[in-house]
Amino acid sequence: MSLNCGIVGLPNVGKSTLFNCIGSGKAQAANFPFCTIEPNIGSTNVPDDRLTVLAKMVEPARVVPATVEIVDIAGLVKGASKGEGLGNQFLANIRETDAILHVLRCFDDPNVVHVNGTVDPVRDKEIIDTELQLKDLETVESRLAKSRKQAQTGGDKQAKKLCEVLELYRSALSEGKSARTVILENEEDIKIAKDLFLLTNKPVLYVCNVDENSAKDGNKYVQQVRDAVKGENAGILVIAAKIESEIAELETFEERQMFLNEIGLEKSGVERLIRSAYTLLDLETFFTEGKDEVRAWTFSKGNKAPQAAGVIHTDFEKGFIRAEVIKYDDFVKYGSESACRNAGRLATEGKDYIVQDGDIMHFLFNV
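This report concerns the structure included in the present document.

Quick notes on the rules
Residues numbered from 1 in each chain as written. Predicted model: local features only at pLDDT ≥ 70, side-chain atom pairs only at ≥ 80, totals over all residues. Heavy atoms only, no water. 1 Å grid on protein atoms, 1.4 Å probe; cavity = no way out; pocket = protein on both sides within 12 Å on 5 of 7 lines; lining within 4 Å. Points joined across faces, edges and corners; volume = space filled by probe spheres on them. Helix = DSSP H or I, 4+ residues; strand = E, 2+ residues; numbered from the N terminus. Nonpolar A, V, L, I, M, F, W, Y, C, P; charged D, E, K, R; others polar. Buried < 20%, exposed > 50% of the residue type's maximum accessible area, 1.4 Å probe, protein only. Pairing = 2+ DSSP bridges.

1. Points about empty space enclosed by the protein
Phase 1: For the structure shown, the criterion picks out 1 cavity of 30 Å³ or more.
Phase 2: The computed volume of the largest cavity comes to approximately 40 Å³.
Phase 3: Where the lining of the largest cavity is concerned, the elements lending two or more residues are β5 (99-105), α4 (121-153) and β6 (204-209).
Phase 4: Along the lines of polarity and charge, the residues of the lining of the largest cavity split into 5 nonpolar, 3 polar and 2 charged.

Right under this line is the structure:
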């Protein structure tokens, strides 16, 4: 599986600049509203020092990191749910993403116009939240009308169950709350909710775009955002997109690291953003290794061995027999798969084994 994130926000908050730092695609970035008209799609590797270590030890023919796909969606404005600005078509692009990266302008610059005239990240956040909520409410009410008919005329139990879930969402959305505030504990309800693809049910990471001087500790605008999202189950990340764009232009790791050290940061904002997105979505990494290839694979925390095998290929999950597992630290300590095997550090695990972050795995299957 590959992580897929959508970047949203008002026009001119730094979305496309951030996208250009993250993705292999290059979005246009300019100082006027709706500079981005078509959604831009790019991808980048997930930074992981463990993969680098394994590659040096195994010396494979190729090294394949996990990847993140980023969708840069045109700036939304008040009324977007009703077609204002660039309208509904761009809200549809968000439905396919796993998480939302909501970029908020947290810097003053008279040379960069603000679509609403003044810098106020909390107001900007509320504008985007409202538009997404209104679009979700439209979706919920449409589904509810159809499901009620099915439940009443045909006695459809599934339709009745769907109606119950939809009513919960309709109530929350009508009160100006996001769908993610609705807590569902029943597994059946959770599955129904997932299939609705509601925009405000997606995990959100608020990305506070600051000036260079605020890159390390944030500023008053960042604090305002922190206070505003206390009740949400959301992440917050501080990034100076302009600085990140300069770092992205540097050719060597040493140059980039020197630049970061000068402004008091250990990791680039892009790396911190990707890791934050992983944490937000409860994602982890396992590895496969051999002379042909060393590769990182993304899986959901809590997955059992067959599910992790299915990340590689559905046949691996269907015909799963067992998995051979080496802990990353053991592999580094003993130096190879054969050495781990000889030292008794290779475990054979069955269908109930819960895969751990950093596991090095070999799956046996039969289809």
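Alright, that's what it looks like, and here's the rest.
2. Description of the pairing of strand β9 (residues 293-300)
Phase 1: For β9, the tally of buried residues reaches 6 of 8 residues, placing the bulk of the element in the interior.
Phase 2: Pairing geometry for strand β3 (residues 62-64) and β9, over 3 bridges, is parallel. Each bridged residue has a counterpart across the sheet, and for Arg 62 the counterpart in β9 is Glu 293.
Phase 3: With 6 bridges joining them, strand β8 (residues 283-288) and β9 adopt antiparallel strand pairing. The residue of β9 that forms the bridge with Thr 288 is Arg 295.
Phase 4: Here β8 hands over to β9 after 4 residues, the two strands then running antiparallel side by side.

3. A short note on the layout of surface pockets
Over the atoms a probe the size of a water molecule is rolled, and this reveals where empty space is left.
Phase 1: The computed volume of the largest pocket comes to approximately 1300 Å³.
Phase 2: Among the elements of the structure, β1 (3-8) and α6 (187-196) are those that each provide at least two residues to the lining of the largest pocket.
Phase 3: If one sorts the elements of the lining of the largest pocket by residue count, α6 sits on top with 4 residues.
Phase 4: Looking at the lining of the largest pocket residue by residue, the classes come out as 15 nonpolar, 8 polar and 8 charged.
Phase 5: Taken as a whole, the second largest pocket spans an internal volume of roughly 780 Å³.
Phase 6: Around the second largest pocket sit 29 residues that line it, and Pro 47, Phe 253, Arg 256, Ser 268 and Glu 271 are the ones nearest its centre.
Phase 7: Mapped onto the lining of the second largest pocket, the elements with two or more residues apiece are α1 (15-22), β2 (40-45), α2 (49-58), α8 (241-249), α9 (253-262) and α10 (269-280).
Phase 8: Broken down by class, the residue content of the lining of the second largest pocket amounts to 14 nonpolar, 7 polar and 8 charged.

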